[in-house]
Amino acid sequence: MTTTEIKPGTDAAPLASTGRLNFAKAAPKVFRAVIGLDAAAREGLDPTLVELVQIRSSHLNHCAYCLHMHTTDARKAGESEERLHMVAVWQEAAHFFTAKEQAALALTDAVTRVADAGVPDAVYERAAAHFDEQELAGLLALILAINTWNRIALATAKRAGTDER
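Quantities reported herein were computed from a predicted structural model and do not represent experimental measurements.

Undergrad: Which residues make up the packing of helix α3 (residues 47–60) against helix α6 (residues 99–112), and what are the values?
TA: Look at α3 against α6: their axes get within 9 Å of each other, and the N-to-C directions meet at 35°. For the crossing formed where α3 meets α6, the hand is right-handed. Where α3 approaches α6, its residues T48, L49, L52, V53, R56, S57 and L60 are matched on the opposing element by K100, E101, A104, L105, T108, D109 and T112. Its residues assigned to classes, the contact of α3 with α6 shows six nonpolar, four polar and four charged.

Here you go:
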């Protein structure tokens, strides 16, 4: 039996190639809902900014699967190697990023690490100064979505380099 088959007579969810749960198959409604959240969050946001946020969150969450996926997408969209390498150290390399991108990255850091110190007023206000209300809501939703994707990928042991979209 392969790891994606279910043993006859069991109620077990299909397994991914890692032997862990295949989330998309086991919880298709939830999976589609996360896809919907992700798609809605992106609306009205610059595609480059979207990738930078997803890359940064994936760095912070140590999600190699998502990091590989989003750096690949960013390259395809024309993002430079130089900026991709600087996302992990964006605060020390702020001059590589616009003020708006820096505000988005700071908010990504705070929301992704929310258990550490919440979302400081200064970080929120910095983002609010660069994004209108609708964009800010989309940015927050994007950060929530990528954190959800990171957790799904990590919990189900998705392997970097295997884009299973």
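Undergrad: Quick one: what's the story with the packing of aromatic side chains, residue by residue and with numbers?
TA: Within the structure shown, the criterion is met by two aromatic pairs. Each member of the aromatic cluster is reached from another via a ring pair, and the members are F23, F31 and W149. For K158, the ring lying beneath its charged end belongs to Y65, and the centroid distance is 6.0 Å.

Undergrad: I'd like a description of the nonpolar core, backed by residues and values.
TA: In this structure, V53, L107, F131 and L139 are the most contacted members of the largest nonpolar core, which totals 26 residues. Looking at this core, the elements that each hand over two or more residues are α3, α6, α8 (121–130) and α9 (133–155). Looking at which element gives the most residues to this core, the answer is α6, with six residues. Sequence-distant contacts of L139, that is, excluding residues within four places in its chain, are made with L45, V53, A104, L107 and F131.

Undergrad: Run through α6, naming residues and quoting values.
TA: Spanning 14 residues, α6 covers 20 Å between terminal C-alpha atoms, matching the ideal 20 Å at 1.5 Å per step. Turning to α6, its buried residues number three or more, namely E101, Q102, A103, A104, L105, A106, L107, T108, D109, A110, V111 and T112. Of the surrounding secondary structure, the elements contacted by the buried residues of α6 are α3, α5 (81–86), α7 (114–117), α8 and α9.

Undergrad: Break down a nonpolar patch on the surface for me, with residues and values.
TA: There is a patch of nonpolar side chains on the surface, built from V114, V119 and Y124 and spanning about 230 Å² of accessible area. Counting through the fold element by element, V119 comes out in the loop between α7 and α8. With a relative accessible area of 31%, V119 lands in the partly exposed category.

Undergrad: Provide a residue-level description of the side chain of N147, including the pertinent values.
TA: Looking at the secondary structure, you find N147 in helix α9. Using a relative accessible area of 9% as the deciding quantity, one classes N147 as buried. If we skip the residues at most four places from it in the chain, N147 touches S57, N61 and T112.

Undergrad: Run through the packing of α3 against helix α4 (residues 64–76), naming residues and quoting values.
TA: Close contact between α3 and α4 brings their axes to 9 Å; oriented N to C, the two are set at 155°. Taken together, the axes of α3 and α4 are roughly antiparallel relative to one another. Judged by the sense of rotation from one axis to the other, the crossing of α3 with α4 is left-handed. Facing α3, whose interface residues are E51, Q54, I55, S58 and H59, α4 presents C66, L67, H70, T71, D73 and A74.

Quick notes on the rules
Residues numbered from 1 in each chain as written. Predicted model: local features only at pLDDT ≥ 70, side-chain atom pairs only at ≥ 80, totals over all residues. Heavy atoms only, no water. Axes fitted to C-alpha atoms, helices over the stretch in contact; angles between N-to-C directions. Helix = DSSP H or I, 4+ residues; strand = E, 2+ residues; numbered from the N terminus. Left-handed = near helix turned anticlockwise from the far one by under 90°. Contact = heavy atoms within 4.5 Å. Nonpolar A, V, L, I, M, F, W, Y, C, P; charged D, E, K, R; others polar. Phe/Tyr/Trp six-rings, centres within 6.5 Å; stacked < 30°, edge-to-face > 60°. Lys NZ or Arg CZ within 6 Å of the ring centre and 35° of its normal. Core = buried A, V, L, I, M, F, W, Y, C linked by side-chain atoms within 4.5 Å. Buried < 20%, exposed > 50% of the residue type's maximum accessible area, 1.4 Å probe, protein only. Expected span 1.5 Å × (residues − 1). Patch = residues over 30% accessible without salt bridge, like charges linked within 9 Å, V, L, I, M, F, W, Y side chains within 5 Å. Areas by Shrake-Rupley, 256 points an atom, 1.4 Å probe, with all protein chains shown as cover. Salt bridge = Lys/Arg side-chain N within 4 Å of Asp/Glu carboxyl O. Parallel < 35°, antiparallel > 145°, perpendicular 65-115°, else oblique.

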